[in-house]
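Geometric and topological summary
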Amino acid sequence: MISRLSILLMTLLAFLIGLSTDAQAFSVDQVRFGAHSEKTRMVLDLSENKDFRVFALDSPYRLVIDLPSFDWKAGSVERPKNSNILAVRHGNLKPGISRLVFDLNQPIALQAAFLLPHQKSAGKPDRLVIDFAPTSASAFLKNKNKILGTLSVDDSKAGKVRVNPAANNNAATTAPQRNIKPMIVIDPGHGGVDPGAVGANKVYEKHVVLALAKELQKQLISTGKYRVLLTREKDVFIKLRNRVAFARKHDADLFVSIHADSIEKSNVRGASFYTLSEKASDGQTAKLAARENRADLIAGIDLSHEDDEVANILVDLAMRDTTNQGKYFANKVVDAFRGNGIKVLQNAHRHAGFAVLKAPDIPSILVEAGFMSNKSEAQQLNTSAYRKKLAGALRKGINAYFDQVEKNQR
Ligand SMILES: [Zn+2]
């Protein structure tokens, strides 16, 4: 049994190594400008030609390019002299899609956008070419719904982009702007037959984390900015994979799993934050992930689905972008905890192979709110006053994360 598993793991490892060296990530390698009297020609050198879409926005004036998630290798863009470009920004729009934004000091008319294949003989890479020219504000308004390119950005999701809806009365046709609040799924760990860690005075992790999740839900909803759902609202058992499936079914923008750990050293206390990775950041975190992943086993669930797990890991690898967003979010939460004077572990952001963080398309973190094995911390976690404080810090981190997401989309 063990040898079968280790053979499987070695095969997987070999495959992953092969994958990481062969598969080149899609990248934007350079941004250049051509000098023409009647127009500006912008050329993006790409690692390969992919679907794109280009459009212009106002309030303020911007040129926007959406592409499949890219690595930015173009450094800082050298803007042409006397150009109408004020600044260049890029970032994640949503899982799988990146956005490049050029801030402009005047309205423009998009004339053309097309892909050119690489020319080996001329030493030229794959390119995206965009031609545009200054125009009047009134002419801009007439053409503002024009989108060049064929990239599909699943606008039911992209509708979550909240770009000053007041400035965009024609929102129905300019798909990127609709006003849907982000969906946050909070996952109180354990439940039912699986109590999680049991602290001093028989305080159960499953009860404490449910109470904390409900407090966080309340605080997030009161901001008026989010929709919030819990994977469980009662003391029931839910399989790890079903927690992930719940988040995906509800099209979550963020997944936060809440726990309260227990370790041998009873003097250790403080919160810590975990994101997904193939390799654990340290031995302690590897053990923690193993403990949390045992939840299904404790409840007597059949775990003969190794093949599914392997498939999951491969999907994860393709979705690095999601993992990066999760890491960014975790760091925002660590800052918020420190800012609110709540004790966090050294190296408060760690990573390992947590099964519950494996939604390939949703930035996910696991929060260990504190240690049930520390008598005073377990007691604190059992009070609503301390849970309010913890939830307040989580809310602050979540606000900071979505503020940045929104900035990237502008
Ligand atoms: Zn737990």
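To keep things clear, this report deals only with the structure shown in the data block. Note that the structure is a prediction, hence the values are computed from the model and not measured. Along each chain, numbering runs from 1 in the same order as the chain's sequence is written. Reporting in this predicted model follows two pLDDT cut-offs: at least 70 for local features of residues, and 80 or more for side-chain atom pairs to be given and counted; totals over whole chains, interfaces and linings ignore these cut-offs and use all residues. Side-chain calculation: all heavy atoms of the structure are included, whereas hydrogens and water are not.

Next up on the list: the overall build of the protein chain. Helical segments are the DSSP runs of H or I of at least four residues, strand segments are the runs of E of at least two, and each set is numbered from the N terminus. From N to C terminus, the protein chain includes 11 helices and 16 strands. Working definition: with a 1.4 Å probe on protein chains only, accessible area under 20% of the residue-type maximum means buried, over 50% means exposed, and in between means partly exposed. In the protein chain, which comprises 410 residues, the proportion classed as buried is 48%. Whether two residues are in contact is decided by their heavy atoms: any pair within 4.5 Å suffices. Sequence-distant contacts, at least 24 apart, represent 74% of the contacts inside the protein chain between residues at least 6 apart. Accessible surface is estimated by sampling points in the Shrake-Rupley manner with a 1.4 Å probe; for residues, cover comes only from the protein chains shown. As displayed, the protein chain has an accessible area near 19300 Å², and 53% of this comes from carbon and sulfur atoms.

Residues three or four positions apart in an α-helix share a direction because the helix packs 3.6 residues into each turn. Buried within helix H6 (residues 283–293) are the following residues: Thr285, Leu288, Ala289 and Glu292. Relative to the axis of H6, the buried residues are bounded by an arc of 100° and lie together on one face. Of the residues that open H6, the one with a side-chain oxygen 3.3 Å from the backbone nitrogen of glutamine 284 is aspartate 282. Here, the arc refers to the directions that run from the helix axis to the C-beta atoms. Whenever two N or O atoms come within 3.5 Å, that pair is a polar contact, provided that in protein one can donate a hydrogen and the other can accept it, and provided that, for residues adjacent in sequence, both atoms are side-chain atoms.

The criterion for strand pairing is that DSSP finds at least two bridges linking the strands in question. Taken in spatial order, the 5 strands of this open sheet run S6-S7-S4-S3-S10, and their pairing is antiparallel. Of all strands in the sheet, those with a lone pairing partner are strand S6 (85–94) and strand S10 (148–149), marking the two edges. Pairing geometry for strand S3 (residues 53–57) and strand S4 (residues 62–68), over 5 bridges, is antiparallel. Pairing of phenylalanine 55 across the sheet is with valine 64, part of S4.

Salt bridges are defined as contacts in which a side-chain nitrogen from Lys or Arg sits within 4 Å of a carboxyl oxygen from Asp or Glu. Applying the stated rule across the entire model yields 12 salt bridges. Two residues, aspartate 45 and arginine 32, come together in a salt bridge whose shortest N-O distance is 2.7 Å. Highlighted residues: aspartate 45 in strand S2 (residues 40–46) and arginine 32 in strand S1 (residues 27–35), separated in sequence by 13 residues. Using a relative accessible area of 8% as the deciding quantity, one classes aspartate 45 as buried. Residue arginine 32 is classed as partly exposed on the basis of its relative accessible area of 33%. Among the salt bridges present, the one from aspartate 131 reaches arginine 41, with a minimum N-O distance of 2.8 Å. Here aspartate 131 is found in strand S9 (residues 126–134), whereas its partner arginine 41 is found in strand S2, with 90 residues between them in sequence. When salt bridges that share partners are traced, they join Lys39, Arg41 and Asp131 into one network.

The next subject is the sheet that holds strand S13 (residues 254–261). With respect to topology, 6 strands assemble into an open sheet ordered S12-S11-S13-S16-S14-S15, the strand pairing being mixed. Strands at the two margins of the open sheet, each flanked by one partner only, are strand S12 (227–230) and strand S15 (344–352). Shown here is a sheet whose adjacent strand axes are inclined to one another by a mean of 20°, direction ignored. One ladder, built from 6 bridges, connects S13 with strand S16 (residues 364–371); its direction is parallel. Directly across from isoleucine 258, in S16, lies its bridge partner valine 367. Taken strand by strand, H6 contacts S13, strand S14 (271–276), S15 and S16, and its axis lies near 65° from that of S15. Structural elements are reduced to axes, namely lines fitted to C-alpha atoms, with helices fitted over the stretch in contact, and the angle between N-to-C directions of any two is expressed from 0 to 180 degrees.

The next point concerns the pairing of strand S7 (residues 97–104). For S7, the tally of buried residues reaches 8 of 8 residues, placing the bulk of the element in the interior. Relative to S7, S4 runs antiparallel, the two being bridged by 7 bridges. Pairing of aspartate 66 across the sheet is with arginine 99, part of S7. Following S6, the chain reverses through 2 residues before pairing antiparallel with S7; glycine 96 in that reversal takes a positive phi of roughly 90°.

Moving on to the side chain of arginine 350. Within the secondary structure layout, arginine 350 lies in strand S15. In this structure the side chain of arginine 350 is engaged in a polar contact, spanning 3.4 Å, whose partner is the side chain of aspartate 282. If sequence neighbours within four positions are ignored, arginine 350 has contacts with Phe273, Tyr274, Thr275, Ser281, Asp282, Gln284, Thr285 and Leu345.

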